[in-house]
Amino acid sequence: MQKEMPSRNHLDKVGRKKKKKWTEEAMERALIEVKSGRCTVRQAAKEFGVPKSSLGDRVSGRVTPGSRSGPAQLITSADEELLVEFSLHMSKHGFPLTKQQLVSFASSIYKRQHRRVAFSKLGQTWWLNFRKRQEKNITIQPADNAVRGRTTCVRKEAVDQFLHLLSTVMDARGLRDKPHQIFNCNETGFQLGRKRVILPKSASLGYKPTPGSRDHISVLACFSAAGEEIPPFIIYSKAYPGGVCYKTQGPPNALYGWSDSGYVNSDLFKKWFLKHFLLHAPKGRPLLLIFDGHRSPLNLEVVETARSEDVVLLCLPPHCSHILQPLDAGLFVLMKQRFAALIGDGCATDTHFAVSKKEFSGVFKETYQVAKEEEGVRIVKEGYRKCGIYPLNPFAINEGHLMASHSMCPAAGPSLSTSAQGVHNVGELTAAGPSS
């Protein structure tokens, strides 16, 4: 016998969410009547028009009077306020307020409450409800589809907003004349492989992996405006080299890590900041750390620790590494040339180097020495000057790299948007005190 299909009308009724037909005020009055002994649960439920089971739960103490009905909140209201506060704090310092970043912060908070849960339960439903609740407080940016490397031109408005934000932070924190407390960290890459692929000059210092290459290694370097270094962080692709010689042969006090891509990711940046940067950074406070925060979401623990340690994190606008990254402006060029010379490779404009994964750290140790020499220190300082970061000088930047705000860059297209999150005054940035 063929089973009868349910009618559309029936499906609509089943799928429709039940509306609550009673008020909290009616429930409170019914509860008072039952607790005073004037009515039974059944009588009070009938008289005040509330569900008998819900009233019984409140009488027995299984449900707290006034509590919300429905499933338990994944994140408490207090923690959601904290999430919004952290997000707005980072937005004021140039970091993109994207869905990916907010969900990353929220997942960290969720996992603290549910330490035994392997994965966060914050899905699309939570995200849509969160946006609806907080639509007056925060504005979500669309994700920037930036590729690693750079575009040929950058909007002048983005650079101007960043330098204005930098000026505001420097004035608010008294860093105008403290180059030892201003740092920039940046990543440069090395393709290891004997197959030579000559890249165009404009992309010679980028680090895109190409098909057919054997291994990719990135180095996260960090220097102050005074030319002082934080020992480098060397990141291998897929796995560490075998043995321990890569550590013993590498630069003194260097940190090592690996990722599938061979690039810094959110977890590796957390490892570097918490266990390496803070260990080797000067004790004077505050510190300013400038970097590109668009490639992966920032870890909540990094943000919290930075605020407690009085380290100001400042994000560069997207696609600006060749204009606003001091290390890109000179030191990385010199290091690539020295690396090529050490392995007998005269092609300094080629990012592919004929050296093995095991040999890399030993060769890089000799390469990195240039950063500690007088010439290297001078080039680092000159990089800060060229970028207009220290001394702070908006007119130091080559106008030829910039385009007017209304123009369209053929390399970047219309998605090249400003992520400086607007300009904030000194009062806003100093309101949080040393935690800014």
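A quick note: this is a predicted structure, and the numbers were derived from the prediction, not measured.

Engineer: Looking at this model, I keep getting lost on the packing of helix α5 (residues 77–91) against helix α7 (residues 124–133). Mind explaining?
Structural biologist: Between two packed helices, the angle of one axis relative to the other and the distance separating the axes together describe the packing. Two elements in contact, α5 and α7, have axes separated by 12 Å at closest approach and are oriented at 75°. Comparing their axes, α7 and α5 come out roughly perpendicular. Contacts from E80, L83 and V84 of α5 reach α7 at W126, F130 and R133.

Engineer: Sorry, what's going on with helix α3 (residues 41–48) here?
Structural biologist: A44, A45 and F48 are the residues of α3 that are buried. All buried residues of α3 lie within an arc of 100° about the axis, which places them on one face of the element. Across from the buried face of α3, at angles greater than 90 degrees, the exposed residues are R42, K46 and E47. Just downstream of α3 lies G49, where phi reads positive at about 70°.

Engineer: Explain the environment of R285 here, please?
Structural biologist: Locating R285 in the fold gives a position in the loop between α10 (266–280) and β6 (287–291). Of the polar contacts made by the side chain of R285, one reaches the backbone oxygen of P282; its length is 2.7 Å. Within the local environment of R285, its side chain forms a polar contact with the backbone oxygen of E309, the two atoms lying 2.7 Å apart.

Engineer: Please clarify how the confidence of the model for the chain should be interpreted in this entry.
Structural biologist: On average, the chain scores 79 in pLDDT, and the residues at 70 or more come to 75%. Across the chain, element-level confidence peaks in β6 with a mean pLDDT of 97 and bottoms out in helix α16 (residues 426–430) with 39. Contacts from residues 145–152, a stretch scored under 50 in pLDDT, to residues over four places away or in other chains number 23 contacts. In this model, residues 408–436 is a region of pLDDT below 50 whose contacts with residues beyond four sequence positions or in other chains number 69 contacts.

Engineer: For this particular structure, what's the right way to read the pattern of salt bridges?
Structural biologist: Here the idea is simple: oppositely charged side chains can pair when their charged atoms come close. In this structure the tally under the stated criterion is 14 salt bridges. With its nearest N and O atoms 3.2 Å apart, the salt bridge here joins E85 to R307. Here E85, found in helix α5, pairs with R307, found in helix α11 (residues 300–308); they are 222 residues apart in sequence, far enough to count as distant. The closest approach of N and O atoms between R338 and E373, which form a salt bridge, is 3.5 Å. Taken together, the positions of R338 in helix α13 (residues 331–342) and E373 in the loop between α14 (357–372) and α15 (374–386) put the pair 35 residues apart, joining distant regions of the chain. Judged by relative accessible area, which is 33%, E373 ranks as partly exposed.

Reading guide: rules and limits
- Residues numbered from 1 in each chain as written.
- Predicted model: local features only at pLDDT ≥ 70, side-chain atom pairs only at ≥ 80, totals over all residues.
- Heavy atoms only, no water.
- Axes fitted to C-alpha atoms, helices over the stretch in contact; angles between N-to-C directions.
- Helix = DSSP H or I, 4+ residues; strand = E, 2+ residues; numbered from the N terminus.
- Parallel < 35°, antiparallel > 145°, perpendicular 65-115°, else oblique.
- Contact = heavy atoms within 4.5 Å.
- Buried < 20%, exposed > 50% of the residue type's maximum accessible area, 1.4 Å probe, protein only.
- Arc of directions from axis to C-beta.
- Polar contact = N/O pair within 3.5 Å; in protein donor to acceptor, adjacent residues only side chain to side chain.
- pLDDT = per-residue confidence, 0-100.
- Salt bridge = Lys/Arg side-chain N within 4 Å of Asp/Glu carboxyl O.

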